Amino acid sequence: MPMIYPTEEEEEEDYEKLAYKERLKAAVHYTVGHICEETGPENGVEFSKRFIAVLADATFKQVKSFAIDLELFANHANRSIINTEDVKLLVRKTPTLFKHVKALADEQAQQQEVVKAKRKAAKPTQKASIPSFEESDKTND
């Protein structure tokens with residue numbers, strides 16, 4: 001069976017994907033470390049660097065799993081955009097998280113309603129009349 005080698009473009013694309021993934025992992029690691037530094041003293045706990053690395057890796061894998069599930073939920077509903085209903089469905093088995101996500105979604109919906117109401121109120125109720133072509137001909141005569 002002959003070996004099929006990737007083209008230079010494919011190798012470059014693979015390298016870019018890997019580099020992007022590593023940057024994401026580094027960002028997650030940094031954020032997890034920062035959260036541990038903030039919450040540790042508040043709770044009288046000190047976190048080792050190894051613990052932070054393991055927690056960051058587990059977080060990255062969990063978020064990846066969430067992303068896949070959210071995409072599947074949206075696809076199942078024949079949508080290409082993930083919405084708040086998908087997120088609620090994702091967290092439905094964790095009551096505390098579900099309550100938090102629902103409260104955020106409700107707050108966001110209320111804010112959107114306020115914005116819609118302001119837009120509607122700002123629109124003139126009567127459109128300015130623009131003379132039609134026929135009317136403008138009458139005035140030019």
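What counts, and where the lines are drawn
- Residues numbered from 1 in each chain as written.
- Predicted model: local features only at pLDDT ≥ 70, side-chain atom pairs only at ≥ 80, totals over all residues.
- Heavy atoms only, no water.
- Helix = DSSP H or I, 4+ residues; strand = E, 2+ residues; numbered from the N terminus.
- Buried < 20%, exposed > 50% of the residue type's maximum accessible area, 1.4 Å probe, protein only.
- Contact = heavy atoms within 4.5 Å.
- Areas by Shrake-Rupley, 256 points an atom, 1.4 Å probe, with all protein chains shown as cover.
- pLDDT = per-residue confidence, 0-100.

(A) Here's a closer look at the overall build of the chain. Regarding its fold elements, the chain presents 5 helices and 0 strands. Burial analysis of the chain (141 residues in total) assigns 11% to the buried set. Of the contacts made within the chain by residues no fewer than 6 positions apart, 27% connect residues no fewer than 24 positions apart. For the chain, the computed accessible surface area is about 12800 Å², with 58% contributed by carbon and sulfur atoms.

(B) Expanded view of the environment of K99. Relative to the elements of secondary structure, K99 occurs in helix α4 (residues 95-122). Overall, the relative accessible area of 63% leaves K99 in the exposed class.

(C) Expanded view of the side chain of K88. Within the element layout of this structure, K88 appears in helix α3 (residues 84-90). Setting aside its immediate chain neighbours within four residues, K88 contacts F98, V101, K102 and A105.

(D) Layout of the confidence of the model for the chain. Residues of the chain with pLDDT of at least 70 account for 87%, and the chain-wide mean is 88. Of all secondary-structure elements in the chain, the lowest mean pLDDT belongs to helix α5 (residues 133-140), at 53, while helix α2 (residues 49-76) reaches the highest, 97.

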